[in-house]
There are 2 protein chains.
Amino acid sequence: MNIGQAAKASGVSSKMIRYYEQIGLIAPAHRSEAQYRTYEDADIHTLRFIRRARDLGFSVEQMKTLLALWHDRGRASGDVKAIALEHIAELDRKAAAIAAMTATLRHLASNCHGDDRPDCPILADFADAPPEADLPEVSARFGRANLG
Amino acid sequence: MNIGQAAKASGVSSKMIRYYEQIGLIAPAHRSEAQYRTYEDADIHTLRFIRRARDLGFSVEQMKTLLALWHDRGRASGDVKAIALEHIAELDRKAAAIAAMTATLRHLASNCHGDDRPDCPILADFADAPPEADLPEVSARFGRANLG
DNA sequence: GATAGACCTTCCCATCATGGGAAGGTCAAG
DNA sequence: CTTGACCTTCCCATGATGGGAAGGTCTATC
C-alpha cells in the first residue's frame, strides 16, 4: 500500500502521515525500491488509532503516550485512564471558557435592537468595560480555537 | 505614555500592541524624538476595546470590523449584532464539538477500571473504532484549541 | 558627568497541527 | 512513448502569542 491508499484507509491525510513520521509519532515506513513509503495492515491499524485519538482532541504528545501504552502489553489501565481524565478536565475548562463568552455575548446581543439605528450596547460595552483582572481562574482569554 | 504603560493600562501586552500595529488593526502610534511609541488616553481606550473583544473570543479580523463600526458614528447596530450572533454560533459549534468529545471520553473512562490491570476499554476503542465519516456535520475533528 | 538599570527599538524564531504548492521522480494504462 | 496519477523532498503559510538577542535611550544615583 502506498501512502495515498493508507490515507484513505485510515482517514489520516498523506501530509499528516509524513508529518507524524517526521516527528517520531510513528515509525519510519518501509520503502519500496523507488523510495515510496509502503504500509501494511498493522500500520493502518496504528493510523486509525491515531485518527481516533485525534478526533477526541488528544494532542500529539498525548498520542505518543497512548501509543506507547497501547504497545505495552503489561501497561496499567490506570495510566490510560489518568490521561483520559486529565484531557476531559482540559476540555471542560475550554467548554467553561466558551460558555462564559457566549453568556456575555448573548446578554449583550439581546439588548441590541439590531436595526438601522447606530445605538449599540455591544460596542458600548466593548468601549467601556473595565479592564479585566489579568489572570482570572478560568480565563476567558484565549486564542482563536481552531474548532472550525 | 510609553508602550509599557499603555500595556499595563490596557491589559494588552507590549508585544501584542506592536503586533496589532504591524498588521494594521490599530494606527501606527505617534513617536517621540527617540522613536519611542507614545500613547494618549484615546489610544488606551481603543486598546481596551480590543482587549475586551479578544476576551470574548473575537478574531483579529472580526475586531477590525468591530473597530471600524465603532468609529463609524452612523453605523447600524444590526451590523454589529450580526457579527456577534455569527460569533456566538461559531462558539456554540465549538462547544458542541467539545461536548461530543467529553461525552465519548467519559463513557470510555467510566468503563475503564483504572487500576494495575492492563485491560483497558479506552485503548480498545481507539484500536477498533471504525474510521469516522470524513466530514461529519458537526466535526469532532479539530486541532488543539489553545484555550489554556 | 558617569554609570547602572529599566526601558525602548527592530529582527528573528518558536509554538501546534495542518495544508498548499513547486520541482522532480515513478508507475501503469493506453 | 506519452499521459496522468501518483510519489518524493523542501519551503512556506496559517493565528495569536511569547522569547530573546543586539543595540539605543532615559533616569536616578553617586
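You'll find the structure just up there.
Parameters at a glance
- Residues numbered from 1 in each chain as written.
- Chains lettered and ligands numbered in written order.
- Predicted model: local features only at pLDDT ≥ 70, side-chain atom pairs only at ≥ 80, totals over all residues.
- Heavy atoms only, no water.
- Axes fitted to C-alpha atoms, helices over the stretch in contact; angles between N-to-C directions.
- Helix = DSSP H or I, 4+ residues; strand = E, 2+ residues; numbered from the N terminus.
- Parallel < 35°, antiparallel > 145°, perpendicular 65-115°, else oblique.
- Left-handed = near helix turned anticlockwise from the far one by under 90°.
- Contact = heavy atoms within 4.5 Å.
- Nonpolar A, V, L, I, M, F, W, Y, C, P; charged D, E, K, R; others polar.
- Buried < 20%, exposed > 50% of the residue type's maximum accessible area, 1.4 Å probe, protein only.
- Arc of directions from axis to C-beta.
- Near = heavy atom within 4 Å.
- Polar contact = N/O pair within 3.5 Å; in protein donor to acceptor, adjacent residues only side chain to side chain.
- Buried area = accessible area lost by both parts, 1.4 Å probe.
- Salt bridge = Lys/Arg side-chain N within 4 Å of Asp/Glu carboxyl O.
- Phe/Tyr/Trp six-rings, centres within 6.5 Å; stacked < 30°, edge-to-face > 60°.
- Least-squares fit on C-alpha atoms with pLDDT ≥ 70 in both.
- 1 Å grid on protein atoms, 1.4 Å probe; cavity = no way out; pocket = protein on both sides within 12 Å on 5 of 7 lines; lining within 4 Å.
- Points joined across faces, edges and corners; volume = space filled by probe spheres on them.

### With respect to the packing of helix α4 (residues 60-71) of chain B against helix α5 (residues 77-110) of chain B
Residues and elements named next belong to chain B.
Phase 1: Running from N to C, α4 and α5 cross one another at 160 degrees; their axes reach a closest spacing of 10 Å. Taken as axis vectors, α4 and α5 run roughly antiparallel relative to one another. Crossing angle aside, the handedness with which α4 passes α5 is left-handed. Residues Q62, T65, L66 and L69 of α4 lie in contact with α5, whose contacting residues are D79, V80, I83, H87 and E90.
Phase 2: When grouped by side-chain class, the residues that make up the contact of α4 with α5 number four nonpolar, three polar and two charged.

### Some remarks on the side chain of A:T102
Phase 1: As for its position among the elements, A:T102 is in helix α5 (residues 77-110).
Phase 2: Under the relative-accessibility criterion, A:T102 is labelled buried at 7%.
Phase 3: When near neighbours in sequence (up to four residues on either side) are disregarded, A:T102 contacts B:I88, B:L91 and B:D92.

### Observations regarding helix α1 (residues 3-10) of chain B
Side chains that are three or four residues apart share a direction in an α-helix, a result of its 3.6 residues per turn.
Residues and elements named next belong to chain B.
Phase 1: Buried within α1 are the following residues: I3, A6, A7 and S10. Taken down its axis, α1 places every buried residue within 105 degrees of arc, on the same side.
Phase 2: Buried residues in α1 make contact with α2 (14-22), β2 (37-38) and α3 (41-55).
Phase 3: Following α1 by one or two positions, G11 has its phi on the positive side, about 85 degrees.

### Examining the protein's contact with DNA strand C
Phase 1: Taken together, 20 residues are adjacent to DNA strand C, and A:K15, A:Y20, A:Y36, B:G4 and B:R18 come closest.
Phase 2: When atoms of DNA strand C within 4 Å of the protein are split into backbone and base, the sugar-phosphate part holds 69%.
Phase 3: With respect to DNA strand C, the side chain of A:K15 contributes an N or O atom lying 2.4 Å from a base oxygen.
Phase 4: The side chain of A:R54 places a nitrogen or oxygen atom 3.3 Å from a phosphate oxygen of DNA strand C.
Phase 5: Elements with a minimum of two residues in the surface near DNA strand C: α2 (14-22) of chain A together with α1 and α2 of chain B.
Phase 6: The class makeup of the residues in the surface near DNA strand C is eight nonpolar, five polar and seven charged.

### Describing the interface of chain A and chain B
Phase 1: Chain A puts 68 residues into the contact, and the matching count from chain B is 68 residues.
Phase 2: Roughly 6,500 Å² of surface becomes buried between chain A and chain B when both sides are summed, with 63% attributable to carbon and sulfur atoms.
Phase 3: Joining chain A to chain B, the criterion identifies four salt bridges.
Phase 4: Linking chain A to chain B there are 22 residue pairs in polar contact (both at pLDDT 80 or more).
Phase 5: Sorting the residues of the side of chain A that touches chain B by element identifies α3 (41-55), α4 (60-71), α5 and α6 (121-128) of chain A as the ones contributing at least two each.
Phase 6: If you tally residues by element for the side of chain A that touches chain B, the top one is α5(A), at 19 residues.
Phase 7: Its residues assigned to classes, the side of chain A that touches chain B comprises 33 nonpolar, 14 polar and 21 charged.

### Here we look at the packing of aromatic side chains
Residues and elements named next belong to chain A.
Phase 1: Across all of its chains, the model carries eight aromatic pairs over all chains by this definition.
Phase 2: Ring centres of F49 and W70 lie 4.4 Å apart, and the angle between their planes is 20 degrees; on these two criteria the pair is classed as stacked. One end of the pair, F49, is in helix α3; the other, W70, is in helix α4, with 21 residues separating them in the sequence. Grouping residues by exposure puts F49 and W70 together as buried.

### As for the protein's contact with DNA strand D
Phase 1: Contacts to DNA strand D come from 20 residues, most closely from A:G4, A:R18, B:K15, B:Y20 and B:Y36.
Phase 2: Taken together, the sugar and phosphate atoms account for 69% of what DNA strand D places within 4 Å of the protein.
Phase 3: Taking A:G4, its main chain carries an N or O atom lying 2.5 Å from a phosphate oxygen of DNA strand D.
Phase 4: Between B:R54 and DNA strand D, the recorded distance is 3.2 Å, taken from a side-chain N or O atom to a phosphate oxygen.
Phase 5: Put simply, the parts of the chain that give the surface near DNA strand D at least two residues each are α1 (3-10) and α2 of chain A together with α2 of chain B.
Phase 6: With four residues, α2(B) is the single largest residue contributor to the surface near DNA strand D.
Phase 7: Considering only residue class, the surface near DNA strand D consists of eight nonpolar, five polar and seven charged.

### Describing the side chain of A:H87
Phase 1: Turning to its location among the elements, A:H87 is positioned in helix α5.
Phase 2: With sequence-adjacent residues up to four places away left out, A:H87 is seen in contact with A:L56, A:G57, A:F58, A:Q62 and B:L105.

### Topic: the relation of the copies chain A and chain B
Phase 1: For the match of chain A to chain B, the screw axis carries a shift of 0.0 Å, the RMSD comes to 0.1 Å, and the turn is 180 degrees. Such a combination of turn and shift is consistent with a two-fold rotation axis.

### Some remarks on the layout of surface pockets
Residues and elements named next belong to chain A.
Phase 1: The calculated volume of the largest pocket comes to roughly 220 Å³.
Phase 2: Together, 13 residues line the largest pocket, and I26, A27, P28, D43 and T46 are the ones closest to its centre.
Phase 3: Going through the elements one at a time, α3 and α4 are the ones with two or more residues in the lining of the largest pocket.
Phase 4: Top element by residues in the lining of the largest pocket is α3. It accounts for three residues.
Phase 5: Partitioned by chemical class, the residues of the lining of the largest pocket number eight nonpolar, four polar and one charged.
Phase 6: For the second largest pocket, the calculated volume is near 190 Å³.

Read these as layout, nothing more, since geometry by itself doesn't imply function.
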